[in-house]
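Inside the fold
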Amino acid sequence: ETLRAIWQCSTSGPVGSEAIGRGSPRPMRIDYTAPPHVRDVIAGLGRTEDVKFSPSNRRLAIAGFRQQKIAVFDISIGVSPHGPTIALTDAAEIFSSHLKNPHGLDFIDDETIIVANRKGNAVILKLPPGELGGNRYELEPLQVIGADGFLAAPGSVSVTRKDRNVYEALICNN
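Here is a short report on the structure shown in this document.

Turning our eyes to something else, we now look at the pattern of salt bridges. In this structure the tally under the stated criterion is 7 salt bridges. Note that lysine 162 is salt-bridged to glutamate 168, the shortest N-O span being 3.9 Å. Using a relative accessible area of 52% as the deciding quantity, one classes lysine 162 as exposed. Each of the salt bridges in this network shares a partner with another, and the network as a whole consists of Lys69, Glu93 and Arg136.

Here it is, written out as structure tokens:
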């Protein structure tokens, strides 16, 4: 199993899959290490829709669209003489009755995440503190956004910190 990344070498020209093959950056293979229980969580994700790093880059969250869950990984990123090193050291599966085709997600802080659900609303979840412990958690949202009907099928979400305890979430209403 590998993680794939596109590295942008220049700010001019297109970036992404449409840029491959036209003199632009190529996908690069980055191998990672992970214990068996973490690989099992990866294998159980099925169709994924979004991936985000926490603000400290110590956690990585992935939306499991059809499995009605998100996976959160403890991650360590380093550099070796052979290139970048990535170790996924632990994982947790996050479930909630409010996760309905989770599509977009973003971290508010290292222990709080917002998830946009294609068949639901956007929800804010408090993640387990500290090490994940390879567990499964059933969480209730701290807040449900869109319950009043102003979101129809939220997709992407992006969080920006505006002040010490003030955050702004931009939610794509599909």
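What follows covers the sheet that holds strand β9 (residues 122–126). Strand pairing within a sheet occurs via backbone hydrogen bonds; the two strands may be parallel or antiparallel. Pairing within the open sheet is antiparallel, and its 4 strands lie in the order β7-β8-β9-β11. Each edge of the sheet is formed by a strand with only one pairing partner; in this case those strands are β7 (102–109) and β11 (143–145). Averaged over all adjacent pairs, the angle separating strand axes in this sheet is 20°, with direction ignored. Taken together, the 6 bridges between β7 and strand β8 (residues 112–117) define a ladder with antiparallel strand orientation. Within the sheet, the bridge partner assigned to aspartate 109 lies in β8 and is threonine 112.

Attention now goes to unusual backbone geometry. Positive phi is not limited to glycine here, since asparagine 57 has a value of about 65°. By the element assignment, asparagine 57 lies in the loop between β3 (48–53) and β4 (59–64). Here asparagine 57 falls in the partly exposed class, since its relative accessible area comes to 41%. Even without a glycine there, the phi angle at asparagine 101 is positive, about 60°. Relative to the helices and strands, asparagine 101 resides in the loop between β6 (83–95) and β7. The exposure class assigned to asparagine 101 is buried, which follows from its relative accessible area of 11%.

The rules behind these values
- Residues numbered from 1 in each chain as written.
- Predicted model: local features only at pLDDT ≥ 70, side-chain atom pairs only at ≥ 80, totals over all residues.
- Heavy atoms only, no water.
- Salt bridge = Lys/Arg side-chain N within 4 Å of Asp/Glu carboxyl O.
- Buried < 20%, exposed > 50% of the residue type's maximum accessible area, 1.4 Å probe, protein only.
- Pairing = 2+ DSSP bridges.
- Helix = DSSP H or I, 4+ residues; strand = E, 2+ residues; numbered from the N terminus.
- Axes fitted to C-alpha atoms, helices over the stretch in contact; angles between N-to-C directions.

Bear in mind that shape data such as this cannot, by itself, settle questions of function.
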